[in-house]
Amino acid sequence: MSAAGQGPAPDDPTALVRPVVRALGHYTLPPRPHRVKVNQNENPFELPAEFKAEVLAAMSAAPWGRYPDFTPTGLLERLAARAGWTPDGVLAGNGSNELLSVLFQATVEPGATVVLAVPTFSLYPTMIRVAGGEVCPVPLVPAGPGPGDGLVFDVDALVASARASAARLVVVCSPNNPTGSFLPEAGVLRLLEETDGLVVVDEAYHEFAPWNAGGLLARHPRLVLLRTFSKALALAGLRVGYLLADPRLARELDKVRLPYNLSRFSTIAASAALDRYDELLAPRTARLLALRAGLAREIAAIPGFWPWPSAANFLCVRSERPPREVLATLDARGVLARDVSGQPLLAGCLRVSVGDELENAEVVAGMRE
Ligand code: PMP
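None of the values given here were measured: they were computed from a predicted structure.

Rules and cut-offs
- Residues numbered from 1 in each chain as written.
- Predicted model: local features only at pLDDT ≥ 70, side-chain atom pairs only at ≥ 80, totals over all residues.
- Heavy atoms only, no water.
- 1 Å grid on protein atoms, 1.4 Å probe; cavity = no way out; pocket = protein on both sides within 12 Å on 5 of 7 lines; lining within 4 Å.
- Points joined across faces, edges and corners; volume = space filled by probe spheres on them.
- Helix = DSSP H or I, 4+ residues; strand = E, 2+ residues; numbered from the N terminus.
- Domains from an automatic or database assignment.
- Nonpolar A, V, L, I, M, F, W, Y, C, P; charged D, E, K, R; others polar.
- Pairing = 2+ DSSP bridges.

Novice: Please provide a residue-by-residue account of the layout of surface pockets, values included.
Specialist: By volume, the largest pocket amounts to about 990 Å³. Taken together, the elements giving at least two residues each to the lining of the largest pocket come down to helix H4 (96-107), strand E3 (113-118), helix H5 (123-130), strand E4 (134-139) and strand E14 (338-339). By residue number, the principal contributor to the lining of the largest pocket is H5, which donates five residues. Taken together, domain 1 (26-47 + 279-368) and domain 2 (49-277) each give at least three residues to the lining of the largest pocket, which thus spans both. Of the voids in this model, the second largest pocket is the one considered here, and its volume is about 310 Å³. As for the second largest pocket, its lining consists of 17 residues, of which Glu46, Lys52, Ala234, Leu235 and Leu238 are closest to the centre. If you list the elements that add at least two residues to the lining of the second largest pocket, you get helix H2 (49-61) and helix H9 (264-275). By residue number, the principal contributor to the lining of the second largest pocket is H2, which donates four residues. Of the residues that constitute the lining of the second largest pocket, the class distribution is twelve nonpolar, two polar and three charged. Lining the lining of the second largest pocket are residues from two domains, each supplying at least three of them: domain 1 (26-47 + 279-368) and domain 2 (49-277).

So, in structure tokens, the structure goes:
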């Protein structure tokens, strides 16, 4: 298979795996005991028991032995209404991860270039490489000279890189995981107007941001947005995400989506969550925004810690002490945060999700210690 001494032995079945896959890192988090879980940007506010009972009743009444519809029309209509878009421009998936995979499989030819603003969500390069694409990373740039200023998108460099490589796609995560920065409207417009490929904005955290790109869809057929029920919509366990795009593009992507990708249960729960969005979910998001401001203030008051500005439900925190030591101290107190210091430009950084009042107090106490 490969040069002497490298690669799998002849009887090793992994010799039959594509080299590009063997070369990938494994995206996984080993489970750890904890009291406070702030490592996956989940929503700390569980949906109420009466909401769950309503969903379970609907599920009980639905057939379990029959496939769901090919297209979850009711859910797509609700998503379209909420996003101000057309139902035939919406796809629903088993988490937005699945739709990212569908998008890359459908659009990334072997050898095609995908421009990616980094550091960012680490699954993108994995998926792009599995699809056969080449990742062209474009670093974020410091927003200012201070350790707490954070990193922002370099639109000039993204445009230049996309043009020079004739990129098939430019992918930005906004608000960006794990830096918390977001790309303002002028930046998205420049990417759309000055590059020729698809402009993909992962808006997994858009509910926590001052702006989102939904209003640009009607005028920009090369814009693709990805969103999720895993963050503001508090349904990470049920795996629901959605994609918004020009209906012509959505139709092509839908050929790659596997049939019945969304279970009946997830579809029912997601539809119910949207029906009660204003009453149940919007207040939780507002509360998280207030909690984010409080957590940032408290962390900023600890010497040697600098929370970066965030438009999401997490904070990227620059620490004077090595993040591994800080994380070990937090871990010893049962607080599970995320080490992001191995990523480019993030040496000295860790990431904490915004939790409820008690969880945030535990994070702050651990950092003080
Ligand atoms: N995009 C980003 C930027 C994320 O941070 C995550 C989850 N951490 C996802 C997508 C995946 O979300 P989902 O649960 O919808 O697959």
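After that view, the rundown keeps rolling.
Novice: Give me the sheet that holds strand E11 (residues 305-307): which residues, what numbers.
Specialist: Strand pairs in the sheet, formed through backbone hydrogen bonds, run parallel or antiparallel to each other. Spatially, the four strands line up as an open sheet ordered E11-E12-E15-E14, and their pairing is antiparallel. Two strands bound the open sheet, and with one partner strand each, they are E11 and E14. Pairing of strand E12 (residues 314-319) with strand E15 (residues 349-353) involves five bridges; the strand directions are antiparallel. Within E15, the position partnered with Phe314 by the bridge is Ser353.

So, to be careful, I would describe these as geometric facts and stop short of saying anything about function.
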